[in-house]
Amino acid sequence: MLPIFQEKKRKPDWLKREVPGGENYTRIKSKLRELKLHTVCEEARCPNIGECWGGGEDQTATATIMLMGDTCTRGCRFCAVKTSRAPPPLDPNEPANTAKAVADWGIDYVVLTSVDRDDLPDGGAAHIAETIQGLKRETGGRLLVEALVPDFAGNEDSIKLVAASGLDVYAHNIETVSHLACVCKHFLASATLDRNVRWQTAHQLGVMLVAI
């Protein structure tokens, strides 16, 4: 008796994405490679990269810059970014290169994110703050900057440094509910860190707080 094969169901249109391409996409990718910059769009394999980089008639082309390299010191189970306990050293030219690239794009709003760098005493806070300050200088303060930052292992000095750097939105990924944090996040991350004094610290410095 021959096996009965069921007809393969088509995926819904909302689940499909076109192959990335176009003038804006090519220009942004070329500039990122030229300046040796990384984006969370690429490292996390985001399916919407074509829409963000490609832009459109009513949409500004943009990308989310990922600071401090492409290798994280944590290994959260939901994340596709590369991990290592000893990632390469920070690129001292990255803050200036980031400011130059974003200023050339001519956008009004940019999101900075980063890997976790538990190998650094300040978790990379000074590097992030330097990048934000460079962006503000290069754009004459016109650009709005959101920084989606690590938890800095709860280091208050690192949190204050970034919050006082001139950014407009201080954001942090909570990722999941408290009782699942120990299951899907790295052991250095915790639900306690997600609701500790860093929020109070940033709030006291007068920046917008966003928990994602």
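Just above sits the structure.
In short, a report on the structure. Starting from 1, residues in each chain are numbered consecutively following that chain's sequence as written. Local features are withheld for residues below a pLDDT of 70 in this predicted model, meaning they are given only at 70 or higher, and side-chain atom pairs are given and counted only at 80 or more; totals for whole chains, interfaces and linings count all residues. Water and hydrogen atoms play no part in the side-chain values, which are based on all heavy atoms of the structure.

## What to know about the overall build of the protein chain
Next up, step 1: Put simply, DSSP H or I for four residues or longer makes a helix, DSSP E for two residues or longer makes a strand, and each gets a number counted from the N terminus. Of the regular secondary structure elements, the protein chain holds nine helices and eight strands.
Next up, step 2: Between two residues, a contact is recorded if the distance between any of their heavy atoms is within 4.5 Å. Restricting the contact set of the protein chain to residue pairs at least 6 apart, pairs at least 24 apart contribute 71%.
Next up, step 3: In short, Shrake-Rupley with a 1.4 Å probe defines the accessible areas, and a residue's cover is counted only from the protein chains shown. In the structure as shown, the protein chain presents an accessible area of about 12400 Å², 54% of it carried by carbon and sulfur atoms.

## Brief notes about the environment of alanine 125
Next up, step 1: If you trace the backbone, alanine 125 turns up in helix α5 (residues 125–138).
Next up, step 2: The buried category is assigned to alanine 125, whose relative accessible area is 0%.
Next up, step 3: Measuring from C-alpha to C-alpha, the distance between alanine 125 and aspartate 157 comes to 8.8 Å, with 32 residues separating the pair along the chain.
Next up, step 4: Not counting the four nearest positions on each side in its chain, alanine 125 is found in contact with Phe152, Ser158, Leu161 and Val162. Here's how the labels work: a residue is buried when its accessible area is under 20% of the maximum for its type, exposed when over 50%, partly exposed in between, all with a 1.4 Å probe on protein chains only.

## Examining the nonpolar core
Next up, step 1: Core analysis: the largest hydrophobic core is formed by 38 residues, its most contacted members being Val162 and Tyr170.
Next up, step 2: Those elements giving two or more residues to this core turn out to be α1 (23–34), α3 (49–54), β2 (65–67), α4 (94–105), β5 (109–114), α5, β6 (144–148) and α6 (156–163). Nine residue types can take part in a nonpolar core, namely buried Ala, Val, Leu, Ile, Met, Phe, Trp, Tyr and Cys, and a core is a set of them joined through side-chain atoms within 4.5 Å.

## Description of the environment of proline 89
Next up, step 1: Within the fold, proline 89 resides in the loop between β4 (82–83) and α4.
Next up, step 2: Linking proline 89 and aspartate 119, residues 30 residues apart in sequence, is a C-alpha distance of 9.6 Å.

## Topic: α5
Next up, step 1: In this model, α5 (14 residues) spans 20 Å end to end at C-alpha, consistent with the 20 Å of a helix rising 1.5 Å per residue.
Next up, step 2: Within the span of α5, buried status applies to Ala125, His127, Ile128, Ala129, Thr131, Ile132, Gly134, Leu135 and Lys136.
Next up, step 3: Residues of α5 that are buried in the fold lie against β2, α4, β5, β6 and α6.
Next up, step 4: Downstream of α5 by one or two residues, glycine 140 has phi in the positive range, about 65°. Take the residue count of a helix, subtract one, and multiply by 1.5 Å to get its expected span.

## Regarding unusual backbone geometry
Next up, step 1: Despite not being glycine, methionine 68 has its phi angle at roughly 70°, a positive value.
Next up, step 2: Positionally, methionine 68 belongs in the loop between β2 and β3 (71–72).
Next up, step 3: Judged by its relative accessible area of 3%, methionine 68 falls in the buried class.
Next up, step 4: You will see that alanine 153, though not glycine, has its phi angle at about 55°, which is positive.
Next up, step 5: You can see alanine 153 is positioned in the loop between β6 and α6.

That is the geometry; function is a separate question.
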